[in-house]
Every structure is written in C-alpha cells, then in structure tokens.
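Summary of structural features
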Amino acid sequence: MKRDKIIYYVTTGLLTILMLYSVSMYFFNHDAVAAMFTNFGYPTYIIYPYAVIKLLGLIALWMPGFKLVKEWAYAGFFFAFILAFFAHYMIGDGEQSGAVLALILLVVSYIFNKRINK
C-alpha cells in the first residue's frame, strides 16, 4: 500500500508540474500560445478559459473527497491529452511528446488512485 501511494503522489505531482507549466505559458506567454492555437485552427479566445479549466482540474485531482468530480477531471484531462497529441501530430510540429508524457502520467495516476482508494 505504501508503494502504491508513493507512485500515485509522484505521478500526480509530475502531472501537476507539467500542467502548471502549461498554464503558466497560457497566461505569461500568450502571444506564442496564440500563434500555436492559430496553427491548430483553434480560436485564440479559448486560451484563458482553457487555462482556468486546467487549474480547476488540478484542484479536483488533489481533493481528497469528491470522487465524482475527480473522475470528471481525469476524463477531461484524458480527452485533452488525446486531442493535444493529434493536434500536434496532424500539423507535424513534432511537439506531441508532451501530450504522450502527460497521458502516461495521467493513466498511472488514475490506476494508483483507484488502488489506494478501494
């Protein structure tokens, strides 16, 4: 059980660091992110709401109760990472490795969250 908790907290912590870096880019390097969103064909007005939603998802992942909210956060991140992977892959910029890493961390965090909360 101790090993499972360590794996859960390490993977969730690494995922949190990755998401906080992403959110900080959305807020503090808006021009570069806007250019990237334009290349993807996405509207730039979703950058700030998307950053806020990512922060809310992180809060949900770290909340000890509220299992349903945590499940929705995991699902939202899962779809976001899948879509990010394909967005990068389709335009061929070679930046899909971040989405793959985030997806791996998310899946491991989810599995070990389920194990420690049986």
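Up top is the structure.
Heads up: these notes are all about the structure in this document. (Residues numbered from 1 in each chain as written. Predicted model: local features only at pLDDT ≥ 70, side-chain atom pairs only at ≥ 80, totals over all residues. Heavy atoms only, no water.)

Let's talk about the overall build of the chain
- A tally of regular secondary structure across the chain gives five helices and zero strands.
- Element order for the chain, N to C, with α for helix and β for strand: α-α-α-α-α.
- By the compact-globule yardstick of 13 Å for 118 residues, the chain fits well, its C-alpha radius of gyration being 15 Å.
- Oriented by its inertia axes, the alpha-carbon framework of the chain measures out at about 45 × 25 × 20 Å.
- Counting every position in the chain, which comprises 118 residues, the buried fraction comes to 33%.
- Counting only contacts in the chain whose residues sit at least 6 apart along the sequence, the fraction spanning at least 24 positions is 63%.
- Carbon and sulfur atoms make up 73% of the accessible area of the chain, which totals about 7,400 Å².
- With 9 positive and 5 negative side-chain charges, the chain shows a spacing of 20 Å between the two charge centroids. (Helix = DSSP H or I, 4+ residues; strand = E, 2+ residues; numbered from the N terminus. Rg over C-alpha atoms; globule rule 2.2 N^0.38 Å. Buried < 20%, exposed > 50% of the residue type's maximum accessible area, 1.4 Å probe, protein only. Contact = heavy atoms within 4.5 Å. Areas by Shrake-Rupley, 256 points an atom, 1.4 Å probe, with all protein chains shown as cover. Lys, Arg positive; Asp, Glu negative; His and termini not counted. Charge placed at Lys NZ, Arg CZ, Asp CG, Glu CD.)

Quick word on the side chain of Lys-70
- Following the sequence through the fold, Lys-70 ends up in helix H4 (residues 67–91).
- Comment: no salt bridge for buried Lys-70; closest opposite-charge side chain is Glu-71, at 8.5 Å.
- Polar side-chain contacts of Lys-70 include one of 3.2 Å to the backbone oxygen of Met-63.
- Once residues within four sequence positions are removed from consideration, Lys-70 is found in contact with Tyr-8, Ala-60, Leu-61, Met-63 and Asn-113. (Salt bridge = Lys/Arg side-chain N within 4 Å of Asp/Glu carboxyl O. Polar contact = N/O pair within 3.5 Å; in protein donor to acceptor, adjacent residues only side chain to side chain.)

Topic: the environment of Val-108
- Within the secondary structure layout, Val-108 lies in helix H5 (residues 97–116).
- In the structure, Val-108 is positioned 42 residues away from Phe-66 in sequence and 20 Å away in space, judged by C-alpha atoms.
- Filtering out sequence-adjacent residues up to four positions away, Val-108 remains in contact with Ile-7 and Thr-11.

Focus on the nonpolar core
- Leu-15, Met-19, Leu-61, Phe-77, Phe-81 and Leu-106 are the most contacted members of the largest nonpolar core, which totals 15 residues.
- Secondary-structure elements contributing two or more residues to this core are helix H1 (2–28), helix H3 (47–62), H4 and H5.
- At five residues, the largest contribution of residues to this core is made by H5.
- Not counting residues up to four positions away in its chain, the partners in contact with Leu-106 are Leu-15, Tyr-74, Phe-77, Phe-78 and Phe-81.
- The next biggest cluster of nonpolar side chains, apart from the first, holds seven residues, and it includes Val-23, Val-33, Ile-47 and Ala-51. (Core = buried A, V, L, I, M, F, W, Y, C linked by side-chain atoms within 4.5 Å.)

Just geometry here; none of it tells us what the structure is for.
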